[in-house]
Structures are given as structure tokens and as C-alpha cells.
Amino acid sequence: MSQEAYLVENLVKIYPKNNVRANDGISLDIRWGEILGLLGPNGAGKTTLVKQLVGLLKPTEGRIRLDGHDVVQDPDIVPHYVAYQGQKMPLLVDITPREAIYYTGRLRGLSPRAARTQTDEFIERLGLHDFARRPMAKLSGGQQRLAHIAMTLVGNRPILILDEPTSGLDPEHRRLVWDLLLESQKQKGTTILLITHNVLEAEQVVERVGIVDHGRLLALDYVGVLKQQVDQRIRLEITAKPGHEEALASALRSFESVRRINELRFRIYLQKSDVSHAVGHILSDALMGWINDYRVVPPTLEDVYFHFGGKEVSVES
Amino acid sequence: MNPERSHPPGSRFRSSLRDFFLLTWWQLLNARATALLGLLLFSVFPLGLLMFLFFLGRDMSERTRQYILIGNLVYAFAMNGMLAVGQEVGWQKENAGFDFFATLPISKHALLLSFMTRAVLATFIPGILIMVLVRLFFHISLPFSPLLLPLLLLTAYSMVGAGALIGLYAPDTRAAVYATEFMALLIAYFSPLMVPKEHLPAPLQWTSMVLPTTYAAEAWRLLSRVEIGDPSRLVLDFGVLGGFVLLSFALIEYKFDWRG
């Protein structure tokens, strides 16, 4: 077994039709048994990178090794190692989730009995019972997504590549999916490459993270290491009660680093040593009547994402 | 952890065959709700022609009725599959539907053949239905030949191959629909399917030579003794149909975007 699950060297992908350089010299490794997150804004080149990893696209230049095998030379090796869940769901109409999961397992080489056992297991774990026998076309987007996740997990591939796996799911099911993925990693040693926009959720599961933008890999390291490279100040986020926002804004002017995020929300950047004083101040009787909610937030993966070029959606100047 | 290939090379054929059956079953499961609608749709044109034959062709000789009937049946066995697969492949291609299958450890051939076989099955059901209706209500008998089954399979697969090619080359689903419908009409009215070849204008006689349905109809008529001709023509007809199947398969293989 090779030391790395994947080894990518100087990967370049140019789409000749519009001469777009979607990946520009990307090199990275994915280690066996880790959960690696790939973050980046829309159009950054993440999906192009992933499609090359799973052999759906041929690189213009560079090398991709999967457990030592050359993916460019032998893309047929990929499905024996990797289960891939793309953003687009397969075109399933009349087939039911139960059938789709079972036959995906069979096509991944499971025996009928093993495929049945795993199908039952994933239907149970992901809570698909109520609609497991209904045609896919009649399910909601979230239900289809859950079935798609089960189709990805069946067959126990050692590597999972998941492109926005929780998109369209409610918070309860998102949690369920993350728990299932973490369990798979811990118990079976599954290697997971996760592409997501949901940075806050990703932070709970990923160990290392890569930031991609404009086709380039801007950073790749452990979350903790990357966090050390961003603003180390603690954020105090305060939400005003409607009607009291201007009074609160005036009161918070005493903090030099205060920023207004939107009509009701304020953010104050604080050194660790100043946090307790600041919290004490806003919890004072004078201010508490104007405050709906407050949070003390240490540097997060989201900060790392924005630091390395991710685009924040806010009115912050 | 080292999964390597799930199928050792020695058993590749066996695993491809298994995948083919699983994928064909998958295709059938995924289209069962519309199967009846498809059956009705695919039966309308050949049944309409039969009605026409019944109402207007009372004075026709038995041989003429058989001639038109065989042309009609070839249409049912050949064209429906082409329409079905052409439009399905166009839809799958436009919506990246093949990406899911490409990430499974299956061969491209097994997947292609499963798409084509589903279309062939969709062809055989209306085809057989029409044969039964003909015998029950129109009292036109066609002599049976054991070579009929391979002939019908070659007919269906050759046109299904053409349909898959249209689906793959068409830029989007709409273009695939137009192209397959156009092809179906061209074959129905501008080839020697229901009109004897010598009655067609010379240019259409030439174009008919590149249509598999021309050879399928000729072979069926020879087998049913509706047309008297040199039996060696049969070998040519079967050979050409087989050639169409192989050629369409090779072109599909070349054009079909798969891994890498």
C-alpha cells in the first residue's frame, strides 16, 4: 500500500473551448484515513479537481496517483477504491431508494446478501424507511440527497469523495450524515475528501483543509496550524433587539475595533486578555436591555477561509 | 487497506455479463412507471398503419398485405428502439447522468449494452403485440422461420445503435428528439419499408442502401417467402445488419465520454 491515498503533482486543467485554466499547478496529498476538506468560492476549481481525481476528467498536465496507481493512465482503477458523490444527483426516476442502494452495492461487487444487509443498514441509519419504496422522482430534494448518500456509502469503498454532501438537507439530517462519516472514518479507517461551502460544519469533521481559489491551492495544512496564520483576536458578536440598535451602536463606540455587520449585528475584535472585561461591560444592566444575543468566537475555519481568499457575504466594510 | 480491482482479469467477462444484467434491470426499474405509456406511444404508428391497411386495403392481394405488414413490423421493431435510446442517451448526456455510472466499477460496454437492450425490449413488446393483433383481427398470416428471432434482434440493435449515436452526437436533448423523429419519418416514408424499392425515385433507392431497415425488411420478406429471391441475399442481409451493429458499437465506443 502506498503511503498516501492520493498524490497529486502539478495538476493543470485547461478547458480548451473557453481557454479557462480551471486548475493551475495544484499539488496535494491525501493521507490514508484522514478527512481532508477542500474549501473555496464558487468557480474556484474544486469540482474540476475532484472530477480529475475520480477519473471523470483528464488533466491537461500533471500526475495523479491513487495508492501508487496512475489515474491518468488507468482511470478504471478509481471505482475500485473510491465512491464519489457529485453535486448533481444521478437521473433516477422510477427506481426506489431501496433498489438504487441495493443495486449500487451489487455493482460495487457485493453479494446479494451483503448488498441487502448494507441497504437495510443505511436505510435505518439515515432514516429512509418512510420513503424507501417510493419512486425517486416523487421524493423531495433532501430525501433524494439522503438516498444518494446511502448509494455512495454502500459497498464500503476505502475512499469517499463528497462534493457538497449535505446540500439541501435539514440540520438534523446534516448532523446525521456528519456523524455517519465520522463513524466510518473512525471505525473503518475511511479516507474522506470533502468539498463544501459549509465551513462551519466542515470545521467539526475535517482534520486538514485545503483552500482553493482561481484554480490554485492557496493553503493546505491542519486546521489548527492554519488558524494560527489568521487574526488571533477573539470576536464578540452581538445582536441588538430591534428598535435598540442605534442606542447599542452608540454604546459600543467605546470599543475601537467595533464593526457593524448589518442593521442589528455588531462585531468587536478583542485580545484574549480583554475578553472578560468586554463581556462584563455588555452584560451590564445598562446594555443588556438592548441585546438579544451575544457570542464569543475564537478564530474559526471560516476565518481561515476568508483569510485565504474566500468571499464573505456581509455588509462589513 | 488495498482493494485493488474487485474482479480478477480471468473473470472479467463473467463480471461484465453480471453487470450488464444488473444494469439492464436497473434501467427497467427506472422506467417502469412510463412503460405502459411507452407501449401505447410506440404502438400507435404501426397500429395506425394496420388500420389503414384494414380499411383501405380490402382489395389488396394477400402478398401485398403481407409486404406492407412486414414493412410495418420492421418499423415497429427498429424505430421504437432508436427513438427510445436516442432520446434517453441525449437526456443522460445533457444532465451528466453517465457520471454516476462512470464512478462504479463497471465496463462502458456493459452500460451501453444495457441502455440498448432496454430499448430493444421496449421495441419487442409492441412488435409482438402487433404480430398478435394481426393474426387475431386482420387474419394475415406470416410463415414462421427460426431465423426470425436473430433477424429481429439484429434489426433492433442496429437501429438502437444508430439512436445511441444520435443521442451522443446531439448537442442537447431537444436536438436528439428532433433528429430521431426525423430519422424515423425518413425511414418510414422514404425507404423501401412499405414501398417496393423499384417504385422509389433513384436517389431514395441509393439512400436506402445505408439504412439497416432496408436489409431487415428484405430478409424478413425472403424468410416469409413474400418476396422470391436468391437465398444468398439472406446472407448478405444478415451480414450487412451485423455490420451495422458492429459499426454503430464502434462509433459509440469512440464517442462515448467515459473515465479520463
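Colleague: With reference to specific residues and values, describe the sheet that holds strand β4 (residues 61–66) of chain A.
Modeller: Pairing is antiparallel in the open sheet, where four strands are placed in the order β2-β1-β4-β5 (chain A). For this open sheet the edge positions go to β2 (20–31) and β5 (69–70) of chain A, each flanked by a neighbour on one side alone.

Colleague: I'd love a proper account of the environment of Ile95(A), names of residues and values included.
Modeller: Residues and elements named next belong to chain A. Examined against the element boundaries, Ile95 turns out to sit in the loop between β6 (82–85) and α3 (97–107). In this structure Ile95 comes out as buried when scored by C-beta crowding, with 24 C-beta atoms within 10 Å. Once the C-alpha coordinates of Ile95 and Pro135 are considered, the two residues, 40 residues apart in sequence, prove to be 5.3 Å apart.

Colleague: Give me the packing of α3(A) against helix α1 (residues 12–29) of chain B: which residues, what numbers.
Modeller: Closest axis-to-axis distance for the α3(A)/α1(B) pair is 10 Å, and the angle between their directions is 165°. When the axes of α3(A) and α1(B) are compared, the pair comes out roughly antiparallel. Note that α3(A) runs across α1(B); the crossing there is left-handed. The segment α3(A) lies against α1(B), with Glu99(A), Tyr103(A), Arg106(A) and Leu107(A) engaging Asp19(B), Leu22(B), Trp26(B) and Leu29(B). Its residues placed into classes, the contact of α3(A) with α1(B) shows five nonpolar, no polar and three charged.

Colleague: Provide a residue-level description of helix α10 (residues 232–255) of chain B, including the pertinent values.
Modeller: Residues and elements named next belong to chain B. In this model α10 runs 35 Å from its N-terminal to its C-terminal C-alpha over 24 residues, within 8% of the 34 Å that 1.5 Å per residue would give. Those residues of α10 that sit buried are Asp237, Val240, Leu241, Phe244, Val245, Ser248 and Ile252. Those residues of α10 that are buried are in contact with α5 (108–138), α6 (148–169) and α9 (212–223).

Colleague: With reference to specific residues and values, describe the pairing of strand β1 (residues 4–15) of chain A.
Modeller: Residue and element names in this part refer to chain A. Direction of pairing for β1 relative to β2: antiparallel, over a ladder of nine bridges. Bridge pairing in β2 places Glu4 opposite Arg31. Bridging between β1 and β4 involves five bridges; their strand directions are antiparallel. Along β4, the bridge assignment pairs Leu7 with Arg65.

Cut-offs applied
Residues numbered from 1 in each chain as written. Chains lettered and ligands numbered in written order. Predicted model: local features only at pLDDT ≥ 70, side-chain atom pairs only at ≥ 80, totals over all residues. Pairing = 2+ DSSP bridges. Helix = DSSP H or I, 4+ residues; strand = E, 2+ residues; numbered from the N terminus. Buried ≥ 20, exposed ≤ 12 C-beta atoms within 10 Å, placed from the backbone. Axes fitted to C-alpha atoms, helices over the stretch in contact; angles between N-to-C directions. Parallel < 35°, antiparallel > 145°, perpendicular 65-115°, else oblique. Left-handed = near helix turned anticlockwise from the far one by under 90°. Contact = placed C-beta atoms within 7 Å. Nonpolar A, V, L, I, M, F, W, Y, C, P; charged D, E, K, R; others polar. Expected span 1.5 Å × (residues − 1).

By themselves, these observations are geometric and do not establish any function.
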